Amino acid sequence: ALPRPMAWLVPALAAVLFVLPLALGTPLLDPDEGLHAAIAQEMVERGDWVTPRLLGEAFLDKPVLFFWALAASIAAFPDSEFAVKLPGLLFGALGALATALLAARLFGRRAGWLGFLTYATLLLPMALAQGAVHDVALVPWTTLAMLGLWDAAGTRTWRAACGFGALAGLWLGLAVLTKALTGVALVGLPFFLWALIARRLTPRLVAAGVISLLVAALVASPWYWAMASANPGYLHYYFVERHLLGYATTTQLHEQRAWWYYLPILAGGALPWLPYVGPTLSRVWRAREPGLLLAWIWLGVDLVFLSLAGSKLLTYLLPAFPAVAVLAAAAWDSALREDASSGNRRPAWRAANARRTVRSRVRAPVPPRAA
């Protein structure tokens, strides 16, 4: 379904971006990679898979899922940078695959392949996949949760809606184990607003949303209760002091940053595909395409939500980048369809064709000449 010169790019880019870095032997980057590697190494050495520790002291500032992935990799490939780099690259590849699945569901199979290409080559996601950071692991779960809720909104039976809601809850539960309630907010807020605007907020969808939250709680709560039992006061410290106050106040790390902090990060991190996003906005209002509306609301709500937080960090914006990739993929897919329908023989995957907008071909009648 892709133009032939592009068809080989998916496996080639996947190999270059997610496999080749493992063979380069790149040293660990400070501070995050070294810190996370030390915590995971201690988890393996102690055999304690409940409490992450650093130099023997409980590390309470991050949930456990990414540490589990790191520890499993270190146990399989001990004493190597390869083991520390592997989980981030795998989660980066999963993020690209999840974006491809969402784009395919919204706009068709070809858009799915294009979604993989666009997300995998966005500057910020491509860079952060090379490092051991928790936000890279959050992207696949939030994107798949958005896909599950989208499917729940599109079904016409209660059984299917509840099933898709439960599937979305599984991904949200993994998101809670990765970055607590952040993923729930970054998915739930834009999807709820989209359902209101698109008039899709039916009793079935509400039930699916409730089920998703219940399933997420069932998936994530065993570790949180085990952590609280091993470390009394953990739930108050993490959810109130670190999580709630970290968002509402400037008393935590990464505070005192301007409200526009994320704007240049989005502008630079979404290159080279950001210029292709703009033309899709006109299609939202002209054609009222629900998929485009969801992607735009997703990007806008996450940007506003994170900008209002008292604590800001470059990596926090990463879960919003699949929306950029989906919009860029939709623009390319639209350009390819237009060229196919018009018989244009030029390669439609060129930037000039992908950027163009639909123009009316109707011309005003020419007045007759005077006799």
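The structure this text deals with has already been given above.
In what follows, the accompanying structure is described. Please read these numbers as outputs of a predicted model, since none were measured by experiment. (Residues numbered from 1 in each chain as written. Predicted model: local features only at pLDDT ≥ 70, side-chain atom pairs only at ≥ 80, totals over all residues. Heavy atoms only, no water.)

## Here's the deal with the overall build of the protein
When its secondary structure is counted, the protein shows 17 helices and two strands. Taking all 371 residues of the protein together, the buried fraction comes to 48%. Pairs at least 24 apart in sequence give 74% of the contacts found in the protein among residues at least 6 apart. By element, 67% of the accessible surface of the protein is carried by carbon and sulfur atoms, the whole surface being about 17800 Å². (Helix = DSSP H or I, 4+ residues; strand = E, 2+ residues; numbered from the N terminus. Buried < 20%, exposed > 50% of the residue type's maximum accessible area, 1.4 Å probe, protein only. Contact = heavy atoms within 4.5 Å. Areas by Shrake-Rupley, 256 points an atom, 1.4 Å probe, with all protein chains shown as cover.)

## Some remarks on helix 11 (residues 203–230)
Over its 28 residues, helix 11 runs 40 Å from end to end, which matches the ideal 40 Å to within 8%, given 1.5 Å per residue. Its axis deflected by about 40° at Ala220, helix 11 carries its strongest bend there, up to four residues before the proline Pro222. Of the residues making up helix 11, those classed as buried are Leu205, Ala208, Ser212, Ala216, Ala220, Trp223, Tyr224, Met227 and Ala228. Against helix 4 (65–76), helix 8 (134–154), helix 9 (158–179), helix 10 (182–197) and helix 12 (234–248) lie the buried residues of helix 11. (Expected span 1.5 Å × (residues − 1). Bend = angle between axes of the 7 residues up to and from the residue.)

## Let's talk about the packing of helix 8 against helix 15 (residues 290–307)
Two numbers describe how helix 8 lies on helix 15: the axes approach to 13 Å, and their chain directions differ by 140°. Regarding the angle of helix 8 to helix 15, the classification is oblique. Both helix 8 and helix 15 take part in a crossing whose hand is right-handed. Mapping the contact onto sequence places Thr143, Met146 and Trp150 in helix 8 and Pro290, Gly291, Leu294 and Trp298 in helix 15. (Axes fitted to C-alpha atoms, helices over the stretch in contact; angles between N-to-C directions. Parallel < 35°, antiparallel > 145°, perpendicular 65-115°, else oblique. Left-handed = near helix turned anticlockwise from the far one by under 90°.)

## Here we look at the nonpolar core
Judged by nonpolar contacts, the single largest core of 113 residues is most densely connected at Trp194, Tyr224, Leu317 and Phe321. Top contributing element to this core by residue count: helix 8, with 13 residues. Sequence-distant contacts of Phe321, defined by excluding residues within four places in its chain, comprise Tyr119, Leu122, Leu124, Pro125, Ile265, Leu266, Gly269 and Ala270. (Core = buried A, V, L, I, M, F, W, Y, C linked by side-chain atoms within 4.5 Å.)

## Observations concerning helix 3 (residues 32–46)
Helical geometry note: an α-helix holds 3.6 residues per turn, so side chains three or four residues apart project in the same direction. Between its first and last C-alpha atoms helix 3 spans 21 Å; for 15 residues at 1.5 Å apiece the expected length is 21 Å, and the two agree. Within the span of helix 3, buried status applies to Glu33, His36, Ala37, Ile39, Ala40, Glu42 and Met43. Buried residues belonging to helix 3 abut strand 1 (53–54), helix 4, helix 5 (81–107) and helix 8. Positive backbone phi, at 70°, marks Gly47, one or two positions downstream of helix 3.

## Comments concerning the packing of helix 5 against helix 6 (residues 109–121)
Axis separation between helix 5 and helix 6 bottoms out at 7 Å; the angle between their running directions is 150°. The orientation of helix 5 with respect to helix 6, classified from their angle, is roughly antiparallel. Relative to helix 6, the crossing made by helix 5 is right-handed. Residue-level inspection shows Gly92, Ala93, Gly95, Ala96, Leu97, Thr99, Ala100, Ala103, Ala104 and Phe107 of helix 5 in contact with helix 6, the latter providing Arg109, Ala111, Gly112, Gly115, Phe116, Tyr119 and Ala120. Per-class residue counts for the contact of helix 5 with helix 6 are eleven nonpolar, five polar and one charged. (Nonpolar A, V, L, I, M, F, W, Y, C, P; charged D, E, K, R; others polar.)

## Some words on a nonpolar patch on the surface
On the surface, Phe192, Leu193, Leu196, Ile197, Leu201, Val206, Val210 and Leu214 cluster together to form a nonpolar patch covering roughly 690 Å² of accessible area. Looking at the nonpolar patch, the elements with two or more residues in it are helix 10 and helix 11. Of all the elements, helix 10 adds the most residues to the nonpolar patch, at four residues. Secondary-structure assignment places Leu193 in helix 10. (Patch = residues over 30% accessible without salt bridge, like charges linked within 9 Å, V, L, I, M, F, W, Y side chains within 5 Å. Salt bridge = Lys/Arg side-chain N within 4 Å of Asp/Glu carboxyl O.)

## Regarding the pattern of salt bridges
Where charged atoms from two side chains of opposite charge come close, those side chains can pair. Scanning the entire structure with this criterion turns up eight salt bridges. In the salt-bridge network here, residues are joined through shared partners; they are Arg110, Asp333 and Arg337.

## A few points about the environment of Gly310
Mapped onto the elements, Gly310 comes out in the loop between helix 15 and helix 16 (321–342). On a C-alpha basis, the gap between Gly310 and Gly246 in space is 6.3 Å, while along the polypeptide they are 64 residues apart.

## Points about unusual backbone geometry
Going from Leu271 to Pro272, the amide bond is cis rather than trans, its omega being 5°. The topology assignment puts Pro272 in the loop between helix 13 (262–269) and helix 14 (279–287). One non-glycine residue, Leu55, adopts positive backbone phi at about 55°. Relative to the elements of secondary structure, Leu55 occurs in the loop between strand 1 and strand 2 (57–58). Residues other than glycine seldom take positive phi values, yet Arg199 does so here, at roughly 60°. Tracing the backbone shows Arg199 in the loop between helix 10 and helix 11. A residue is classified by how much of its surface remains accessible, and Arg199, at 78% relative accessible area, is exposed.

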